[in-house]
Amino acid sequence: MKFLWIDTETTGLEPADSGIFELGAILVENGNVICERCFFLNPLSDVIKYHEDSGAIHGYSENQIREFTPESEQVVNIADFFREARNFNQPEKMIIAGYNVSFDIKHLKAMLGRYGYRLEDYFSDVVADVFLQVKKAGMQKALPYLPNRKLETVATHLGVILKNAHDALADIKATREVAIKLRTLGVPLL
């Protein structure tokens, strides 16, 4: 099985008026890490805005994001990476994985769609969400009561080091480690 673990940092919450400016990805096949990638891009336009409340979370200013490669150029590299990762010579599509990954999926679909790409061309319908795995772990009493289910909180409890929270690659590395630790506690991801 091939998993693409992803995390995004965005300019806001809703794909209608915000976009991805950082995409972290880890390609894993049969449990082995094949590669890690991180893309920085500038999605800002007349429609895609910078939202101060999101900036307060990830720490990037509007000016910093404007200095990244334009989305229109970088999306080609992202789509090429997805195509190579999927390897169209094989019929199997990748499983997308992440933490509360529906948020990332919505933004990825919107970004790709603006340029005529489709997420469905690369990924299967199966979604591996570590946030749901954490919820299962709580219900099964594999995790004690925690004040919240944020990645940082769960990672700290499980002894997973998360340096640079809200850095897409750091977040997705920690997410994958959390998933592995929960699996060793008897809570499967899928």
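Enquirer: Which residues make up the packing of helix H6 (residues 151-158) against helix H7 (residues 168-184), and what values do they have?
Expert: H7 packs onto H6 with a crossing angle of 50° between their chain directions and a minimal axis gap of 10 Å. When the axes of H6 and H7 are compared, the pair comes out oblique. The handedness of the crossing between H6 and H7 is left-handed. In this structure, H6 uses Leu151, Val154, Ala155 and Leu158 to contact H7, whose residues at the interface are Asp171, Ala174, Thr175, Val178, Lys181 and Leu182. Among the residues making up the contact of H6 with H7, the classes are represented as seven nonpolar, one polar and two charged.

Enquirer: Which residues make up the nonpolar core, and what values go with them?
Expert: The tendency in soluble globular proteins is for nonpolar side chains to be buried as a group. Trp5 and Val178 are the most contacted members of the largest nonpolar core, which has 26 residues in total. Of all elements in the fold, only strand S1 (2-10), strand S2 (20-29), strand S4 (94-98), helix H5 (130-139), H6 and H7 reach the threshold of two or more residues within this core. Sort the elements by how many residues they give to this core and H7 lands first, with six residues. Once residues within four sequence positions are removed from consideration, valine 178 is found in contact with Val130, Val134, Leu151, Val154, Ala155, Leu158 and Val160. Grouped together as the second largest cluster of nonpolar side chains are 24 residues, Val75, Phe81, Met94 and Val101 included.

Enquirer: Quick rundown of the pairing of S4? Include the residues and the values.
Expert: Taken across its five residues, S4 has five buried, putting it largely inside the fold. Burial along S4 is two-sided: the face carrying Met94, Ile96 and Gly98 and the face carrying Ile95 and Ala97 are both buried. In terms of strand pairing, S1 meets S4 through three bridges, oriented parallel. Residue pairing for S4: leucine 4 is matched across the bridge by isoleucine 96. One ladder, built from four bridges, connects S4 with strand S5 (residues 123-129); its direction is parallel. The residue bridging methionine 94 from the neighbouring strand is phenylalanine 123, located in S5. Taken together, S4, helix H4 (residues 101-113) and S5 form a β-α-β motif whose crossover is right-handed.

Each value, and the rule that gives it
- As a convention, each chain's residues are numbered from 1 in the sequence order in which they are written.
- Two thresholds apply to this predicted model, a pLDDT of at least 70 for residue-level local features and 80 or more for giving and counting side-chain atom pairs, whereas whole-chain, interface and lining totals are computed over all residues.
- Hydrogens are left out, water is left out, and the side-chain values use all remaining heavy atoms of the structure.
- For helices, the fitted axis covers only the stretch in contact; all axes are lines through C-alpha atoms, and the angles between them, taken along N-to-C directions, range from 0 to 180 degrees.
- Numbering of helices and strands runs from the N terminus; a helix is a DSSP stretch of H or I covering at least four residues, while a strand is a stretch of E covering at least two.
- For classification purposes, angles smaller than 35 degrees are called roughly parallel, those larger than 145 roughly antiparallel, those between 65 and 115 roughly perpendicular, and all remaining angles oblique.
- The hand of a helix crossing depends on one turn: near helix anticlockwise from the far one by less than a right angle means left-handed, and clockwise means right-handed.
- Contacts are assigned to residue pairs with any non-hydrogen atoms lying within 4.5 Å of each other.
- Residues are grouped as follows: Ala, Val, Leu, Ile, Met, Phe, Trp, Tyr, Cys and Pro are nonpolar; Asp, Glu, Lys and Arg are charged; every other residue, Gly included, is polar.
- Nonpolar cores are built from buried Ala, Val, Leu, Ile, Met, Phe, Trp, Tyr and Cys residues. Side-chain atoms within 4.5 Å join them into one set.
- Relative accessibility thresholds used throughout: buried, under 20% of the residue-type maximum; exposed, over 50%; partly exposed, between the two (1.4 Å probe, protein chains only).
- Here, any two strands with at least 2 DSSP bridges between them count as paired.
- Call a crossover right-handed when, viewed with both strands pointing away from you, the route from the first strand across the helix to the second goes clockwise.

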